[in-house]
Amino acid sequence: MSAPYPWLETPWRRLLASRARPAQALLIGGPAGVGKRALARAWAHALLCEAPVAGAACGECEACHWLAAGSHPDLRVVTLEEKELKGGEVRQARQIEVDQARDAVAFVQLSTHRAGHRVLIVDPADALNLAAANALLKVIEEPPPGTVFLLVADHPRQLLPTLRSRSQRIDVGLPPRAEAEAWLAAAGVGDAATRLALAGGAPLAAQAAAAGVDADRAAVLAALARPEQLAPVAQADGWKDIPPAAWHAIVYKWLADLLGASQGVAARFNPDFSDALVKLGPRVAVSGLLRLSRVQAQEGRHLDHPLNRALQLEAWLVQYRNLFVRKAAR
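The rules behind these values
- Residues numbered from 1 in each chain as written.
- Predicted model: local features only at pLDDT ≥ 70, side-chain atom pairs only at ≥ 80, totals over all residues.
- Heavy atoms only, no water.
- Helix = DSSP H or I, 4+ residues; strand = E, 2+ residues; numbered from the N terminus.
- Buried < 20%, exposed > 50% of the residue type's maximum accessible area, 1.4 Å probe, protein only.
- Expected span 1.5 Å × (residues − 1).
- Polar contact = N/O pair within 3.5 Å; in protein donor to acceptor, adjacent residues only side chain to side chain.
- Core = buried A, V, L, I, M, F, W, Y, C linked by side-chain atoms within 4.5 Å.
- Contact = heavy atoms within 4.5 Å.
- Pairing = 2+ DSSP bridges.
- Axes fitted to C-alpha atoms, helices over the stretch in contact; angles between N-to-C directions.

### Concerning unusual backbone geometry
Consideration 1: P124 follows D123 through a cis peptide bond whose omega is 5°.
Consideration 2: If you trace the backbone, P124 turns up in the loop between β5 (118–122) and α5 (130–141).
Consideration 3: With a phi close to 60°, A115 is a non-glycine residue in the positive phi region.
Consideration 4: By the secondary structure assignment, A115 is in the loop between α4 (98–108) and β5.
Consideration 5: Taking relative accessible area as the criterion, A115 reaches 74% and is therefore assigned exposed.
Consideration 6: Even without glycine at this site, D191 takes up a positive phi of about 50°.

### A few points about helix α12 (residues 244–262)
Consideration 1: Along its 19 residues, α12 runs 27 Å from first to last C-alpha, staying within 8% of the 27 Å computed at 1.5 Å per residue.
Consideration 2: Within α12 the residues assigned to the buried category are A246, W247, H248, I250, V251, W254, L255, D257, L258, G260, A261 and S262.
Consideration 3: Following α12 by one or two positions, G264 has its phi on the positive side, about 80°.

### Section: the side chain of H72
Consideration 1: Assignment of secondary structure puts H72 in the loop between α3 (62–69) and β2 (75–78).
Consideration 2: A distance of 3.0 Å separates a polar side-chain atom of H72 from the backbone nitrogen of D74.

### What to know about the nonpolar core
The nonpolar side chains of a soluble globular protein tend to be buried, and buried together.
Consideration 1: In this structure, W12, W43, V119 and L150 are the most contacted members of the largest nonpolar core, which totals 38 residues.
Consideration 2: Put simply, the parts of the chain that give this core at least two residues each are α1 (9–17), β1 (25–29), α2 (36–48), β5, β6 (147–153), α7 (177–186), α8 (192–198) and α9 (203–208).
Consideration 3: When residues of this core are assigned to their parent elements, the largest contribution, eight residues, is made by α2.
Consideration 4: Discounting residues that sit within four places of it in the chain, W12 has contacts with M1, S2, A3, L39, A42, W43, A46 and A56.
Consideration 5: Ranked by size, the runner-up nonpolar core spans 29 residues in total, among them A236, I250, A261 and L292.

### Focus: the sheet that holds β5
Consideration 1: Taken together, five strands build an open sheet; the order of strands is β2-β5-β6-β1-β7 and the sheet is parallel. The open sheet terminates on both sides in strands that have one partner only, identified here as β2 and β7 (168–171). Shown here is a sheet whose adjacent strand axes are inclined to one another by a mean of 15°, direction ignored.
Consideration 2: Pairing of β5 with β6 involves five bridges; the strand directions are parallel. Paired with I121 across the bridge in β6 is L150.

Structure representation (structure tokens):
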């Protein structure tokens, strides 16, 4: 069995070579959208397979059939759960809670059903709250025989230092751009180069980008490329239905490219707007751009606030337009 994605071949071979004596705690870290979760699941399947082929899951044994159905009794995945809020609204939790960790501890202390490995995947491990992390730490320090912990994290440094120190590490980086573009093109993704740039070089994030977001992005960036023609009230009203997460992704990457353009650096996220960015770079007030970028970064952590969306966008557009008005007036 080959790696889940071509660019994961090196870490996958490293894992297969360790199958006889796998790490009891493994931390798989790297940016979002590069296949860490697929790598963790493939490794869990390899460990639980009862007739492995060259160390990988055979796909044919009874254990593999259970894995394919998501019902193997010796595999547990701890992840973010959905919570019902007041009024019946359902949202995904932001943290893995201590009760989930305690359930996981109880799971690994049971006898295995198939007399083989037991695998616990924690994904995303960087979402463990402090109490949950401490509950898991106790059992990772003294793991039951045959137990393997797989911690998956976009931001490994957010884990407890003690959790990191007790885990072997596999880092999954961004694949070479040419390889990622070729993979996206083979998967039927149009304009692979632009999509990959927008995703910061992460191919799975580029593949998952919705077509509707592309239309919103094109309209927003076309307007931001002409700041002197912005009409904040009208445009805020027209854009208020863009999902906050999508808006944040569009404008935060635009601000990053604009900052680069002010320093003569080529566009990283929006290469299809390179000409506009080159023209805007010398005109922007860099100090104001840095302030707006910091504010935008903060807003990215609180995307579900109850503020009036149109008013919020209007205020943002006024600030953005002023970056150029004030520079021109000097």
